[in-house]
Amino acid sequence: MNYMGAPGLEFGGGNIEVDPTVAKALPEGSRVISAKGHGVSFRAKTGRIDVELSDGTQKSFFTKVESQYIGKDMLSTYKTLSDTYFFLTEFRDMLPNMYDPDKFAARLSTLLQNSKSPNGKYGFHVTTYASNLPQYTQWEESWEIFFAKSLRQALDLEIKAKGQDPDFDVLVLAIFGKVISHLLRPLESEGCYVKPFLVQGDFWSANSGVLSDSGEPLVFDACCFYGHNEYEFGQWLPVCNRFGAEYVDAYHTYVQISAPEEDFDCRLDLYKLRFNTHVSALFHDNPTLREQYVLCYHIS
């Protein structure tokens, strides 16, 4: 966990103190009733802040706090601790249930179809982060080029975290010299076009839930960019993700598989490779993750 503690501002133990910058972000006239720990994060301290609004009603907020360089480029800064950073949002009570595949697919397809890149390109206007590592988000006119640069950045981060692997010389040459162009270039050739959809970027079951009050799905911890809508499914392939084949099948009752359809499964393996490479870079002390993504390179 990349959290060094904030003396006097810790969650729990009857504490009602919050950093002045956090207090300023709350609705004007709010009075903090409690600040307690809530939820789980690999790298941050997470909590729930309950407040009484100026009209006497109560409202809750979720906060995530990180220390040092980890949160510097992603979050707002504490006033009392210059190396402590926070994120604040409305608290939503969630159930760990999985949403009905058909209803979920309908909502997801509508969200994606209604998204529109501001300049018709792939990328995003700011750097976004998957956990504490940056993603490639520079604007590109070609999805093939954007994805190749995204995978290259993830690979560079992984090698920096775990060192060079002798298998990489041959495998990387094949991926960047043949596989990416073979699978992605047809998406943008001979009249074909890939619309830049706003993708969540880290779309797996641990970043989703069902609202307890309405039963509606909620997706969070986004690291967005505009890309190929099928990119999300690469994160749905690992066995740890509960978005199984029934969710992909349900989605394709609303949105057609991109042409050429016969490459669909291989494209998803390629997208899965990007996710696995990034995850291996995140957990630099876990050698098993490298073994898994090297296997993906062999498969691809």
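Just so it is clear, the structure is predicted and the values come from calculations on it, not from any experiment. (Residues numbered from 1 in each chain as written. Predicted model: local features only at pLDDT ≥ 70, side-chain atom pairs only at ≥ 80, totals over all residues. Heavy atoms only, no water.)

Draft legend 1. Up close: the overall build of the chain. When helices and strands are counted, the chain shows eight helices and twelve strands. Against the 2.2 N^0.38 benchmark of 19 Å for 300 residues, the chain shows a C-alpha radius of gyration of 21 Å, consistent with a compact globule. With the C-alpha coordinates aligned to their principal axes, the bounding extent of the chain is approximately 60 × 45 × 35 Å. Evaluated residue by residue, the chain yields a buried proportion of 48% over its 300 residues. Long-range pairs, those at least 24 residues apart, make up 63% of the contacts in the chain between residues at least 6 apart in sequence. About 15,400 Å² of surface is accessible on the chain, with carbon and sulfur atoms providing 52% of the total. Each charge class in the chain can be summarised by its mean position, and for the 27 positive and 39 negative side chains these summaries are 4 Å apart. (Helix = DSSP H or I, 4+ residues; strand = E, 2+ residues; numbered from the N terminus. Rg over C-alpha atoms; globule rule 2.2 N^0.38 Å. Buried < 20%, exposed > 50% of the residue type's maximum accessible area, 1.4 Å probe, protein only. Contact = heavy atoms within 4.5 Å. Areas by Shrake-Rupley, 256 points an atom, 1.4 Å probe, with all protein chains shown as cover. Lys, Arg positive; Asp, Glu negative; His and termini not counted. Charge placed at Lys NZ, Arg CZ, Asp CG, Glu CD.)

Draft legend 2. Here's a closer look at the side chain of Thr46. By the secondary structure assignment, Thr46 is in strand S2 (residues 45-52). From its side chain, Thr46 meets the backbone oxygen of His38 in a polar contact 2.6 Å long. Other than its neighbours up to four places away in sequence, Thr46 contacts Phe11, Gly37, His38, Gly39, Val40, Ser41, Phe62, Thr63 and Lys64. (Polar contact = N/O pair within 3.5 Å; in protein donor to acceptor, adjacent residues only side chain to side chain.)

Draft legend 3. Fine view of the domain arrangement of the chain. For the chain, the domain assignment lists domain 1 (20-91) and domain 2 (101-296). Centre-to-centre separation of domain 1 and domain 2, based on C-alpha positions: 30 Å. Across the contact, six residues belong to domain 1 and six residues belong to domain 2. Across the domain 1 to domain 2 interface the summed buried area is about 590 Å²; carbon plus sulfur atoms make up 53%. Counting every contact that joins domain 1 to domain 2 gives one residue pair in polar contact (both at pLDDT 80 or more). Of the residues contributing to the side of domain 1 that touches domain 2, the split by class is three nonpolar, no polar and three charged. (Domains from an automatic or database assignment. Buried area = accessible area lost by both parts, 1.4 Å probe. Nonpolar A, V, L, I, M, F, W, Y, C, P; charged D, E, K, R; others polar.)

Draft legend 4. Up close: helix H7 (residues 264-282). If you check H7, its first and last C-alpha atoms are 27 Å apart, about what 19 residues at 1.5 Å a residue would give, namely 27 Å. By the criterion of burial, H7 is predominantly enclosed, with 14 of the 19 residues buried. (Expected span 1.5 Å × (residues − 1).)

Draft legend 5. Representation of the packing of aromatic side chains in the model. Tallied over the entire structure, the rule returns 18 aromatic pairs. Ring centres 5.7 Å apart and planes at 55° place the aromatic pair Tyr231 and Tyr271 in the tilted group. With Tyr231 in the loop between strand S12 (225-227) and helix H6 (245-251) and Tyr271 in helix H7, this pair connects stretches of sequence that are 40 residues apart. With a relative accessible area of 1%, Tyr231 lands in the buried category. Of the residues examined, Tyr271 reaches a relative accessible area of 0% and is grouped as buried. By way of ring pairs, the aromatic residues Tyr122, Tyr136, Trp143, Phe146, Phe147, Phe225, Tyr231, Tyr271 and Phe275 are connected into one cluster. For the cation-ring pair, Arg48 lies above Phe91, with the distance from its terminal atom to the ring centre recorded as 4.4 Å. In this arrangement the basic side chain of Arg152 is found over the ring face of Phe176, its NZ or CZ atom lying 4.0 Å from the centre. (Phe/Tyr/Trp six-rings, centres within 6.5 Å; stacked < 30°, edge-to-face > 60°. Lys NZ or Arg CZ within 6 Å of the ring centre and 35° of its normal.)

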